[in-house]
Amino acid sequence: MKKRSKTFSTTLTLSTAAALLLAGCSSSNQAATSTKAPESTNATSGTDSTKGTGFTLGDKPVEFTFYGHYDWYTMPPWGEDAATAWIKDHKKVNVTAIQSGGNAEQKLSTMIASSTLPDVIWLDRGKDVERLRTADMLVPLDDYLEKYPNLKKWAGESTLNLLRSPDGKIYQFPNWYTTRPNGNTGYVVNMRIYNEMGKPKLETFDDLYNYLKAVKAKYGDSVVPYDPGIEGQGVDLLISGFANDYPTSYIANRSVPKGDKLVSIFTDSVYRESLIYANKLYQEKLMLQDALTQTQDQIKEKLNTDRVAVYADSSPTEFASLGDATVKAQNPQHPGYNMFWPMHKEGVDKNKVYPGDWNQLGWNVSVITKSAKDPEAIFAFLDWYTGEEGMRTIFWGPDGLYWNGVDSEGGPQFNDKYFNDREEVTKLMNTTNELQWAGNTVYVDTTKSRIESKLPVEKRNWETRWQTEVSWKTSFNSTQFLNMAPIPDTDEGITAQRIDDIFKEARAQALYAKNADEVNKILDKAEKDAQNAGYEKLLAYQTKIWQNNLKLIGGK
């Protein structure tokens, strides 16, 4: 599973769905050794077509416009890579991009105001989905679930019901939904530089600080010691190493559990300590100086040109795998990039450090708007996309390119080209990553793990190796924190936006602060501003949802 952006409050409170939370959480390890769909879904086993009582994919053309609602997202051209070219030719599906232009909020508002919505919008669960739904701009998907088998088969009833809006209907097609740990979050180390530095111990934050100082002393401005990825996500994930069992989902929720309540993150000692450490790295120029503003292209350029010592992000595997292939192609003696076990404070249990998190709803969703001329055809495509054939095609390319036929468990049977042309395989997978809108985590992750675990290390896919060895093992189950986001036009929703603004401003100011004392003063002011904005009421709202989730998870 790949996830590029972490945002505050990605899910909406769904009263009709809460009662089904337990069922999904209890199956967290289901399908860990098989790519077959959970039997509990009662779906017809083995079917992977879109031949129900409605639209048959491939019989006639399907054309729709697609908008990814993120500042950072630019959809690659459809049909120019091997996977989508095959889909376009064989399934008769053509997708036209509508780009955000780096200003997603303004773009969506303009489209809503002018009634020129795209056919499909790809976005986070929560406020914008409800904004569109309450304006009667979305197509409910319930009637399609029985006609087209794959989503219901793989996601199951509990996940689908968690997606229900307050009116009881489903408008969201989930992406990277799961019943098992996943994720890519963590620290990537340039092994050329690491070897040249004498392979020092790199486990604690003290080790990391000393290592970054030594890198800067040796390489000067030619190497970035610590690159925190897109939007400074490598700043946020530091927090997970300053205490046992302290996931980054606390940052996403802007609140921290204390006893049976959720309390302010601004006064939390662990959060403050992590920001003071980040500030130290920044002030000593051990961290990239445009940490909060760099683009994806800038990240890729540095990794591909061998100019980063340590790279940390919510999803570093995409760019690091490409960088690994690139530097090795340029210099066959280069050892490439490795993912290290998450760094931590001295005294913290390394096995209780969780820079990543996961929940059964996965990452984001696609919604079909009422602008679509044939919403059922679009759903039929998405349902095929999330099935076995769709996932095999968009993830590994079409049958006949890097694999020939499938094995007994529905996984691709890779050919020699897959193993001998890894640079091209990596390029394809990194291109199609941005086109994976209906990701089926259980199928993809278990398939690639099962196949690649049989290979020698040097032949394994870079991403799969480090996911299985590190990132999945250090991902926290945050299902208990689902549905925290209040509806935008409620008092709590308005407050949540204010707290989000306060948080982002304080985080940036703390990074740029002169010293630790100034960091604490900034957070003191943020706490005061947050309380004046109604923070306590929002925390009480979140606590109620959290406690109810815990009861359901506990079977009460």
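Residues numbered from 1 in each chain as written. Predicted model: local features only at pLDDT ≥ 70, side-chain atom pairs only at ≥ 80, totals over all residues. Heavy atoms only, no water.

## Structural notes on the pairing of strand E5 (residues 186–190)
Among the 5 residues of E5, 5 are classified as buried, and the element is accordingly described as predominantly covered. Bridging between E5 and strand E9 (residues 308–313) involves 4 bridges; their strand directions are antiparallel. Counterpart to Val189 in the pairing with E9 is Val310. Pairing geometry for E5 and strand E10 (residues 337–340), over 4 bridges, is antiparallel. For Tyr187, the partnering residue across the bridge sits in E10 and is Phe340. (Buried < 20%, exposed > 50% of the residue type's maximum accessible area, 1.4 Å probe, protein only. Helix = DSSP H or I, 4+ residues; strand = E, 2+ residues; numbered from the N terminus. Pairing = 2+ DSSP bridges.)

## Some details on unusual backbone geometry
Its identity as a non-glycine residue notwithstanding, Ser115 has a phi of 55 degrees, on the positive side. Judged by relative accessible area, which is 61%, Ser115 ranks as exposed. Even without being glycine, Glu231 reaches a positive phi, approximately 55 degrees. Mapped onto the fold, Glu231 is located in the loop between strand E6 (224–227) and helix H9 (233–236). Using a relative accessible area of 35% as the deciding quantity, one classes Glu231 as partly exposed.

## Some points on the packing of aromatic side chains
For any pair of aromatic rings, geometry is given as the distance between the ring centres together with the angle between the planes. Counted under the stated rule, the structure contains 41 aromatic pairs. Here Phe242 and Tyr277 contribute two aromatic rings whose centre-to-centre distance is 5.7 Å and whose plane-to-plane angle is 65 degrees, an arrangement assigned as edge-to-face. In this pair, Phe242 is assigned in the loop between H9 and helix H10 (249–253) and Tyr277 in helix H11 (residues 269–283), connecting sequence segments 35 residues apart. Overall, the relative accessible area of 8% leaves Phe242 in the buried class. Looking at Arg180, its charged tip hangs above the ring of Trp472, at a distance of 4.8 Å from the centre. Taking NZ or CZ as reference, Lys218 lies 5.6 Å from the ring centre of Tyr219, over its face. (Phe/Tyr/Trp six-rings, centres within 6.5 Å; stacked < 30°, edge-to-face > 60°. Lys NZ or Arg CZ within 6 Å of the ring centre and 35° of its normal.)

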